[in-house]
Amino acid sequence: MRVNVARKSIDEYKNIVGNEKISEIKEKTKGMKGLKVLHFNSTSFGGGVAEMLHSLVPLMKDIGIDAEWKVMDAEDDFFEVTKTIHNGLQGMEVDLTEKMKKIYLETNKKNSDLGDYDIFIIHDPQPVAVIKFKERGKWVWRCHIDTSKSNRKFVEFLKPYISEYDASIFTIKEFGNNIYDGKRFYIAPSIDPLSEKNRNLKEKDIENVLSKYKIDMDIPIITQVSRFDPWKDPMGVIEAYRYVKKKIPSQLILIGSMANDDPEGLYYYKKIKKYAKNERDIILLTNLDDIEVNAFQRASDIVVQKSLREGFGLTVTEAMWKEKPVVATKVGGIPLQIEDGKNGFLVNDTRECAEKIIYLLKNKEKAEEIGEKARKTVKDKFLITRHILDYLRLMEELM
Ligand code: UDP
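Residues numbered from 1 in each chain as written. Predicted model: local features only at pLDDT ≥ 70, side-chain atom pairs only at ≥ 80, totals over all residues. Heavy atoms only, no water.

## Points about the overall build of the chain
Looking only at helices and strands, the chain has 16 helices and 12 strands in total. Whereas a compact globule of 399 residues would reach a radius of gyration of roughly 21 Å, the chain reaches 21 Å, a difference of no more than 12%. Its C-alpha atoms put the chain at 60 × 55 × 35 Å along the principal axes. Classification of the 399 residues of the chain by burial places 58% in the buried group. Relative to all contacts within the chain whose residues are 6 or more apart in sequence, the contacts with residues 24 or more apart total 74%. Positive and negative side-chain charges of the chain, numbering 67 and 64 respectively, have mean locations separated by a distance of 2 Å. (Helix = DSSP H or I, 4+ residues; strand = E, 2+ residues; numbered from the N terminus. Rg over C-alpha atoms; globule rule 2.2 N^0.38 Å. Buried < 20%, exposed > 50% of the residue type's maximum accessible area, 1.4 Å probe, protein only. Contact = heavy atoms within 4.5 Å. Lys, Arg positive; Asp, Glu negative; His and termini not counted. Charge placed at Lys NZ, Arg CZ, Asp CG, Glu CD.)

Next comes the structure, spelled out in structure tokens:
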């Protein structure tokens, strides 16, 4: 299924990254005009991959690459299987049955007629086996998840498919080591500073969103934005918060979406709700639109990302861009973004998480200084313009 994307213009990014960067991108594209590139993944809504493709694909089109985005056509049972595969690849002890393999491979086969492109970029494990039906072009597997401690069963099942790709992209070295032996590229994800999720908002707009959800802006706000998923450890966030609120009156906001390739979402939401009991200062919000998420990130005093595994954590990047001090676990791709004590805090457990939150709530100046450094980090390394350049380099090398 083809995804229709909004139009975007690369020139609009000049104000943020400067003329030179944009000229560099245009220069690099010269030899690649009209190159047909397909991005293929499992969902157009929810989660980091969809978030990025909504900006990457239209900007690629704008610079002259013939880029398209398609998503898999699949039933619920397939997404149940791929959620298990996702969990297994991130190291969970879960079973992989013959029936599951059958559902997985059949759906991949059904989705194998992708069309005619020069480069196929296949995202994450869900559609990885479509390579079996490859007829033409160069194929790249872009793995976004944390495969540093994968359950071997799952790697062994997928490796015969993954190894057929011409190249793979990982966010950091540790993710690629055990899963792909061919040509590896290391490319960090990025955010779009002009998207509804990240663009500047007026104070009044922020207040309107918070008042819509009846949030009192005079009480410090601690927020985690994440799919409702065990790897994002929302229970751990609640535990840390319970410690914080004994010391400092504050409120915890957990914002989560239900991606349509994530069947665990609703089940896990109910579990969190139960865990939060009816404590009035723990607020769960679901399926906010992008401007609303933007407003909550901006209204927060501190943003938390207490993941147990994390491919990268765009939520970290988004908060850092908004000059927020982020307290996040030292896992997966997060340390690529946060340098502990400088532009955020890296923590190892719930107690440490609570302590850093308390420290930041008590030291406003330090929190501000960290927030400013955080924005600079994102500006230098994690904006979409850098990401486009990395893709152009990869395509140049492949062709
Ligand atoms: N997100 C959102 N609403 C939510 C929860 C998440 O818009 O309720 C977005 C979030 O802002 C980010 C993406 O989903 O852009 C999550 O990406 P991340 O890399 O943090 O995690 P993933 O979901 O890909 O594991």
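Let's pick the thread back up.
## Points about the sheet that holds strand β9 (residues 282–286)
An order of β9-β8-β7-β10-β11-β12 is seen for the six strands of this open sheet, with the pairing classed as parallel. Two strands in the sheet have a free side with no partner beyond their single neighbour: β9 and β12 (345–347). Going across the sheet, the axis of each strand differs from the next one's by a mean of 20°, ignoring polarity. By the bridge criterion, three bridges tie strand β10 (residues 302–305) to strand β11 (residues 326–329) in an arrangement that is parallel. Considered in β11, the bridge of Val 303 is made with Val 326. (Pairing = 2+ DSSP bridges. Axes fitted to C-alpha atoms, helices over the stretch in contact; angles between N-to-C directions.)

## Observations regarding the pairing of β10
Residues in a regular strand point their side chains to alternate faces of the sheet. Across the two faces of β10 the burial is the same, with Ile 302 and Val 304 and Val 303 and Gln 305 all buried. Note: strand β7 (residues 221–225) against β10, two bridges, orientation parallel. When the bridges of β10 are listed, Ile 222 appears paired with Ile 302. Between the parallel pair β10 and β11, the chain is carried across by helix α12 (residues 314–321), and the sense of this crossover is right-handed. (Right-handed = clockwise from strand over helix to strand, strands pointing away.)

## So, the packing of α12 against helix α15 (residues 364–381)
For the pair α12 and α15, interaxial distance at closest approach is 7 Å and the crossing angle is 120°. Here α12 runs over α15; the crossing is left-handed. Where α12 abuts α15, its residues Thr 317, Met 320 and Trp 321 lie against Gly 371, Ala 374, Arg 375, Thr 377, Val 378 and Lys 379. Residues that form the contact of α12 with α15 fall into these classes: four nonpolar, three polar and two charged. (Left-handed = near helix turned anticlockwise from the far one by under 90°. Nonpolar A, V, L, I, M, F, W, Y, C, P; charged D, E, K, R; others polar.)

## Remarks on the layout of surface pockets
Where empty space is left in the structure can be found by rolling a water-sized probe over the atoms. There is about 220 Å³ of room inside the second largest pocket. Examining the composition of the lining of the second largest pocket, we find that three residues originate from one element, α15, more than from any other. Of the residues contributing to the lining of the second largest pocket, the split by class is five nonpolar, one polar and five charged. (1 Å grid on protein atoms, 1.4 Å probe; cavity = no way out; pocket = protein on both sides within 12 Å on 5 of 7 lines; lining within 4 Å. Points joined across faces, edges and corners; volume = space filled by probe spheres on them.)

## A closer look at a negative patch on the surface
A surface patch of negative charge is lined by Asp 73, Glu 75, Asp 76, Asp 77 and Glu 80. Tracing the backbone through its elements, the reader meets Glu 80 in helix α4 (residues 76–89). For Glu 80, a relative accessible area of 47% corresponds to the partly exposed category. (Patch = residues over 30% accessible without salt bridge, like charges linked within 9 Å, V, L, I, M, F, W, Y side chains within 5 Å. Areas by Shrake-Rupley, 256 points an atom, 1.4 Å probe, with all protein chains shown as cover. Salt bridge = Lys/Arg side-chain N within 4 Å of Asp/Glu carboxyl O.)

## A short note on the side chain of Thr 107
As for its placement among the helices and strands, Thr 107 is situated in helix α5 (residues 98–110). For Thr 107, the residues in contact, after removing those within four places along its chain, are Met 72, Asp 73, Ala 74 and Phe 78.

## Here we look at the site of the ligand
Contacts to the ligand come from 16 residues, most closely from Gly 48, Arg 227, Lys 232, Ser 257 and Glu 318. The separation between an oxygen atom of the ligand and a polar main-chain atom of Ser 257 is 2.8 Å. At a separation of 3.2 Å, an oxygen atom of the ligand approaches a polar backbone atom of Thr 315. For the ligand, whose unbound accessible area comes to 540 Å², protein coverage reaches 89%. Secondary structure elements with two or more residues in the shell around the ligand: α3 (48–62), β8 (251–256) and α12. Among the elements that take part in the shell around the ligand, α12 stands out by supplying three residues, more than any other. In the shell around the ligand, the residues fall into four nonpolar, seven polar and five charged. (Near = heavy atom within 4 Å. Polar contact = N/O pair within 3.5 Å; in protein donor to acceptor, adjacent residues only side chain to side chain.)

## Quick word on helix α16 (residues 384–398)
An α-helical segment advances 3.6 residues per turn. Residues three or four places apart therefore align on the same side. When the terminal C-alpha atoms of α16 are compared, their 21 Å separation across 15 residues agrees well with the 21 Å that a helix rising 1.5 Å per residue should span. The element α16 is extensively covered by neighbouring structure, given that 12 of its 15 residues are classed as buried. Looking only at α16, the buried set comprises Ile 384, Thr 385, Arg 386, His 387, Ile 388, Leu 389, Asp 390, Tyr 391, Leu 392, Leu 394, Met 395 and Leu 398. (Expected span 1.5 Å × (residues − 1).)

## With respect to the sheet that holds strand β3 (residues 119–123)
Pairing in this open sheet of six strands is parallel, and the strands run β2-β1-β3-β4-β5-β6 from one edge to the other. A single partner strand is all that each edge strand has here, and the edge strands are β2 (66–71) and β6 (183–186). For this sheet the average axis-to-axis angle between neighbouring strands, irrespective of direction, equals 20°. Examined bridge by bridge, strand β1 (residues 36–41) and β3 share four bridges and lie parallel to one another. Looking at β3, one finds that Val 37 is bridged to Ile 119.

## Focus: the pattern of salt bridges
Taken as a whole, this structure holds 37 salt bridges when the rule is applied. A salt bridge links Glu 68 to Arg 2, with the nearest nitrogen and oxygen atoms 3.6 Å apart. Taken together, the positions of Glu 68 in strand β2 and Arg 2 in the segment before α1 (14–17) put the pair 66 residues apart, joining distant regions of the chain. Through salt bridges with shared partners, a single ionic network connects Lys 21, Glu 24, Arg 386, Asp 390 and Arg 393.

The quantities given are spatial measurements derived from coordinates; they are silent on function.
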